[in-house]
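Chain by chain, the residues run as shown.
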Amino acid sequence: MKDKVILITGANRGIGKSLVKSSLEKGAGKIYATSRDLSKMPDFGDERVVPLALEITDNTQILKVAEQTKDVEVLINNAGILSQGNILEGEISAVKNDMNVNYYGTISMMRAFAPILEKNAPAKIVNIVSIVAYSPLPSIAGYSASKTALYSATLSVRIELAKKGITVHAINPGAIDTDMNKGSNWDMPVPDGIATIILNKVEAGELDIVPDEMGLGMFNAWKEEPSKLAEMFHNMYHGEQITT
Ligand SMILES: NC(=O)c1ccc[n+]([C@@H]2O[C@H](COP(=O)([O-])OP(=O)(O)OC[C@H]3O[C@@H](n4cnc5c(N)ncnc54)[C@H](OP(=O)(O)O)[C@@H]3O)[C@@H](O)[C@H]2O)c1
């Protein structure tokens, strides 16, 4: 990250805000910190941070921001939303919203920035996906589907850009202590430490990154046998004891 020009979406709070702080600590050259409402952007107290307004479901805004940020070398697609609800009874509008932001919004960002990154190569795309990309948790089924779709797009783009000097990283966390998990009684790590782990692993060249302990437990269960993660989520959904 040292001396690099980085763009981070959803940078006003949660993991995005922590990624800005951690990028600064790592000596980033410039950080375009985007938020859909600039009045919510914290003051990072560092002139390397350039705040920009960006709603990632609005392609006109994306293209306008891309026009202003032609020096980007690292694109971090962090912005995302999570709606509660299962497939059979959840609000269909919520399922569509999750898909619009997490999948269509993020692929619009990749489509707009790939030519810029290619010109500035070597470059990176870092997509914040989720552990539920590997197996769905039915209480957040629309979110899970959107993140599985995003993981698929991430793997496609990794191959599409492989010969163009752009590496494409997927970050698949379990649960981090942000507004997204408000009200949960899980024991979760704070986003500042997780952001540093994410950037350390990106710098080390890891492509598929699970930055937290809970996520790693789930990932290792899935790696051993995909049905093991499905069984964990079955037990969580039905309020049964988790056995792994
Ligand atoms: N927290 C976790 O346990 C966890 C686990 C796995 C993956 N993730 C992923 O990590 C990313 C960050 O999540 P978080 O936990 O930091 O959540 P958060 O605290 O709720 O922050 C979400 C950020 O995304 C922004 N955002 C939402 N919709 C947007 C849109 N349409 N256009 C632009 N920005 C938008 C929000 O902006 P506003 O402030 O304007 O709403 C906010 O800055 C998400 O992609 C999430 O799915 C989180």
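Novice: Help me understand the overall build of the protein in this model?
Specialist: From N to C terminus, the protein includes seven helices and seven strands. When the elements of the protein are put in sequence order from the N terminus, they spell out β-α-β-β-α-β-α-β-α-β-α-β-α-α. Whereas a compact globule of 244 residues would reach a radius of gyration of roughly 18 Å, the protein reaches 17 Å, a difference of no more than 12%. Along the first, second and third principal axes, the C-alpha atoms of the protein reach 50 × 35 × 35 Å. Within the protein, buried positions represent 49% of all 244 residues. Considering only residue pairs separated by 6 or more positions, the protein has 65% of its internal contacts joining residues 24 or more positions apart. If you sum the accessible surface of the protein, you get close to 11,800 Å²; carbon and sulfur atoms cover 51% of it. Charge separation in the protein, taken as the distance between the mean sites of 24 positive and 29 negative side-chain charges, equals 7 Å.

Novice: Explanation requested: the side chain of K26 in the structure shown.
Specialist: Mapped onto the secondary structure, K26 falls in the loop between α1 (14-25) and β2 (30-35). Reaching out from K26, the side chain makes a polar contact with the side chain of N200 at a distance of 2.5 Å. Within the structure, the side chain of K26 is placed 2.8 Å from the side chain of E203, a separation counted as a polar contact. Leaving out residues up to four positions away in the same chain, K26 has contacts with M1, K2, T196, L199, N200 and E203.

Novice: Can you walk me through the site of the ligand in this structure?
Specialist: Not every one of the 28 residues close to the ligand is listed here, only the nearest: R13, E55, Y143, T178 and N181. Take R13: an N or O atom from its side chain is 2.7 Å from an oxygen atom of the ligand. Within the side chain of K40, an N or O atom sits 3.0 Å from an oxygen atom of the ligand. Burial of the ligand by the protein amounts to 97% of the accessible area it has alone, namely 900 Å².

Novice: Would you take a moment to explain helix α7 (residues 226-237) for this structure?
Specialist: For an α-helix the count is 3.6 residues per turn, leaving residues at separations of three or four pointing the same way. The terminal C-alpha atoms of α7, which comprises 12 residues, lie 17 Å apart, in line with the 16 Å expected from a rise of 1.5 Å per residue. For α7, the complete set of buried residues consists of L229, M232, F233 and N235. The buried residues of α7 occupy an angular sector of 160° when projected down its axis, which confines them to one face. Packing partners of the buried residues in α7 comprise α6 (213-224).

Novice: Please clarify how the nonpolar core should be interpreted in this entry.
Specialist: As a rule of thumb, soluble globular proteins bury nonpolar side chains together. The biggest cluster of nonpolar side chains holds 28 residues, and the ones touching the most others in it are L7, V72, M109, F113, L117 and I125. Only β1 (5-8), α2 (59-68), α3 (92-119), β5 (123-128), α4 (141-160) and β6 (166-171) provide two or more residues apiece to this core. A per-element tally of this core places α3 first, with nine residues. Setting aside residues no more than four positions away along its own chain, L7 makes contact with Y32, T34, V65, T69, V72, V74, L75, I76, M109 and F113. If you look at the next biggest cluster of nonpolar residues, it comprises 26 residues, including I6, A11, V20 and I198.

Novice: Would you take a moment to explain the sheet that holds β5 for this structure?
Specialist: Two modes of strand pairing occur in sheets, parallel and antiparallel, and in both the strands are linked by backbone hydrogen bonds. The parallel open sheet is built from seven strands, whose spatial order is β3-β2-β1-β4-β5-β6-β7. Since the sheet does not close on itself, it has two edges, and those belong to β3 (49-53) and β7 (208-209), each with one partner. Pairing analysis gives three bridges linking β1 to strand β4 (residues 74-77), with the strands arranged parallel. Opposite I6, over in β4, you have V74 as the bridge partner. Across the sheet, α2 lies against β1, β2 and β3, angled at about 155° from β3, the strand it touches most. Against the sheet, α4 engages β5, β6 and β7, with an angle of about 160° to β6.

Novice: Explain the side chain of N12 to me, please; I cannot follow it from the model alone.
Specialist: With respect to the helices and strands, the residue N12 is situated in the loop between β1 and α1. When its relative accessible area of 12% is taken as the criterion, N12 is described as buried. Separated by 3.3 Å, the side chains of N12 and S35 make a polar contact. In this view, N12 contacts K17, T34, S35, K40, M41 and P42; residues no more than four positions away in its chain are not counted.

What counts and what doesn't
Residues numbered from 1 in each chain as written. Predicted model: local features only at pLDDT ≥ 70, side-chain atom pairs only at ≥ 80, totals over all residues. Heavy atoms only, no water. Helix = DSSP H or I, 4+ residues; strand = E, 2+ residues; numbered from the N terminus. Rg over C-alpha atoms; globule rule 2.2 N^0.38 Å. Buried < 20%, exposed > 50% of the residue type's maximum accessible area, 1.4 Å probe, protein only. Contact = heavy atoms within 4.5 Å. Areas by Shrake-Rupley, 256 points an atom, 1.4 Å probe, with all protein chains shown as cover. Lys, Arg positive; Asp, Glu negative; His and termini not counted. Charge placed at Lys NZ, Arg CZ, Asp CG, Glu CD. Polar contact = N/O pair within 3.5 Å; in protein donor to acceptor, adjacent residues only side chain to side chain. Near = heavy atom within 4 Å. Expected span 1.5 Å × (residues − 1). Arc of directions from axis to C-beta. Core = buried A, V, L, I, M, F, W, Y, C linked by side-chain atoms within 4.5 Å. Pairing = 2+ DSSP bridges. Axes fitted to C-alpha atoms, helices over the stretch in contact; angles between N-to-C directions.

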